[in-house]
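# Analysis of the macromolecular model
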Amino acid sequence: MSSRPAPPSVRAPGEPLARPRDAATLIIYRGDAGSLEVLMGERHARHRFMPNRYVFPGGRIDARDSRVRCASPLAPAAAAQLGRKLDPARARAMAVAAIRETFEETGLIVGGPDPAPDRPPPRGWEGFFGAGFAPALGALSYIARAVTPPIRPVRFNARFFVVGHEHVTGEVRESGELLGLKWFTVEQALTLELAQITRRVLTHFGTSFESAAQGGARSPVPYFKWTPGGHVLIDE
């Protein structure tokens, strides 16, 4: 872990405005409202986007994410909430990406029995399906959206999902992308080097844990919209 965080990357003068790319993030939690912990790791110093900042597992959507076979579909509430802005295929891809990136970065599997075990695993998913699992989208709840500010050279339109540790299989292992993976209480996590939006989403989740993790189809989803004065919370 670094002792001194790198300064936030800023778009150079004259550099074109980056178009936000779709991405998904997964907050894995354990405990209850009185003893809530979340899994976080530190991004490697070589990253152009948020180097040396603590984050939840996640990353951008892959073109194949909408076609990967799954153990369970999105829960009705999450499908309805995502469907306010996304078509069904893109909503599905968001949840698949959150699970894929989590496996790649932490070794943890959010999965259920493979519905077609005799078929070959999807490309890039050999380790996941080789363990006998397919992504279990039904275990995820959708809790927030945020878009990276235009001053950054790399931007994402990120959806934040949460899943309870009871739906997760495997042991945590570090990757080349996330270092020092560890369970933190929300209070501990808020003392780490965090991006502003990570702090806002973490605070939201910590203060509204039960409603955030168990929202219904009609529940509003917080959208943290960037303005020159900082992120403003809007119900989506």
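Cut-off values and rules
Residues numbered from 1 in each chain as written. Predicted model: local features only at pLDDT ≥ 70, side-chain atom pairs only at ≥ 80, totals over all residues. Heavy atoms only, no water. Helix = DSSP H or I, 4+ residues; strand = E, 2+ residues; numbered from the N terminus. Expected span 1.5 Å × (residues − 1). Buried < 20%, exposed > 50% of the residue type's maximum accessible area, 1.4 Å probe, protein only. Polar contact = N/O pair within 3.5 Å; in protein donor to acceptor, adjacent residues only side chain to side chain. Phe/Tyr/Trp six-rings, centres within 6.5 Å; stacked < 30°, edge-to-face > 60°. Arc of directions from axis to C-beta. Core = buried A, V, L, I, M, F, W, Y, C linked by side-chain atoms within 4.5 Å. Contact = heavy atoms within 4.5 Å. Pairing = 2+ DSSP bridges. Salt bridge = Lys/Arg side-chain N within 4 Å of Asp/Glu carboxyl O.

### Overview of helix α2 (residues 88-106)
With 19 residues, α2 extends 27 Å between its outermost C-alpha atoms, agreeing within 8% with the 27 Å of an ideal straight helix rising 1.5 Å per residue. The element α2 is extensively covered by neighbouring structure, given that 14 of its 19 residues are classed as buried. Between the side-chain oxygen of the N-cap and the backbone nitrogen of Ala 89 there are 3.1 Å, and the N-cap of α2 in question is Asp 87. The positive-phi residue at the C-terminal boundary of α2 is Gly 107, with phi of around 80 degrees.

### Considering the packing of aromatic side chains
Evaluated as defined, the whole model comprises seven aromatic pairs. Taking 5.3 Å as the distance between ring centres and 80 degrees as the angle between the ring planes, the aromatic pair formed by Phe 103 and Phe 128 counts as edge-to-face. Of this pair, Phe 103 sits in helix α2 while Phe 128 sits in helix α3 (residues 126-130), placing them 25 residues apart in sequence. In this structure Phe 103 comes out as buried when scored by relative accessible area, which is 17%.

### A look at helix α5 (residues 196-207)
The end-to-end C-alpha distance of α5, which contains 12 residues, comes to 17 Å, matching closely the 16 Å that a straight helix rising 1.5 Å per residue would cover. Those residues of α5 not exposed but buried are Ile 197, Thr 198, Val 201, Leu 202, His 204 and Phe 205. The arc that holds every buried residue of α5, seen down its axis, measures 160 degrees, which confines them to one face.

### What about the environment of Tyr 223?
Among the structural elements, Tyr 223 can be located in strand β10 (residues 222-227). Between the alpha carbons of Tyr 223 and Ala 144 there is a distance of 5.8 Å; along the sequence they are 79 residues apart.

### Concerning the nonpolar core
Leu 26, Ile 28, Val 110, Phe 128, Leu 140, Phe 161 and Val 163 are the most contacted members of the largest nonpolar core, which has 40 residues in total. Of all the secondary structure elements, the ones that give two or more residues to this core are β1 (21-30), α1 (76-82), α2, α3, β6 (133-135), β8 (156-164) and β9 (178-185). Counting residues per element, this core draws most heavily on α2, at nine residues. If sequence neighbours within four positions are ignored, Phe 128 has contacts with Ile 99, Phe 103, Ile 109, Val 110, Gly 111, Phe 133, Ala 134 and Pro 135.

### Describing the pairing of strand β2 (residues 37-43)
Extensive coverage of β2 is indicated by the burial of six of its seven residues. Sheet analysis places β1 next to β2, joined by two bridges and oriented antiparallel. The residue of β2 that forms the bridge with Tyr 29 is Val 38. Counted along the chain from β1 to the antiparallel partner β2, the turn is six residues long, and its residue Gly 31 has a positive phi close to 90 degrees. Bridge count for β2 against β9 is six bridges, and the pairing is antiparallel. When the bridges of β9 are listed, Glu 37 appears paired with Thr 185. Judged from the two bridges that link them, β2 and strand β3 (residues 54-55) form a sheet pairing that is antiparallel. Residue pairing across strands places Gly 41 opposite Val 55, the latter belonging to β3.

### Quick word on the side chain of Thr 106
Position of Thr 106 among the secondary structure elements: in helix α2. For Thr 106, a relative accessible area of 0% gives the class buried. Of the polar contacts made by the side chain of Thr 106, one reaches the backbone oxygen of Thr 102; its length is 2.6 Å. Reaching out from Thr 106, the side chain makes a polar contact with the backbone nitrogen of Leu 108 at a distance of 3.1 Å.

### Considering the pattern of salt bridges
Taken as a whole, this structure holds nine salt bridges when the rule is applied. Across the pair Arg 159 and Asp 22 runs a salt bridge, and its minimum N-O distance is 3.9 Å. Of the two residues, Arg 159 sits in strand β8 while Asp 22 sits in strand β1, which places them 137 residues apart along the sequence. Judged by relative accessible area, which is 3%, Arg 159 ranks as buried. A relative accessible area of 18% places Asp 22 in the buried class.

### Here's the deal with the pairing of strand β11 (residues 230-235)
Pairing between β10 and β11: six bridges, direction antiparallel. Counted as the bridge partner of Lys 225 is Val 232 from β11. Hairpin remark: β10 followed by β11, antiparallel, with two residues in the connecting loop.

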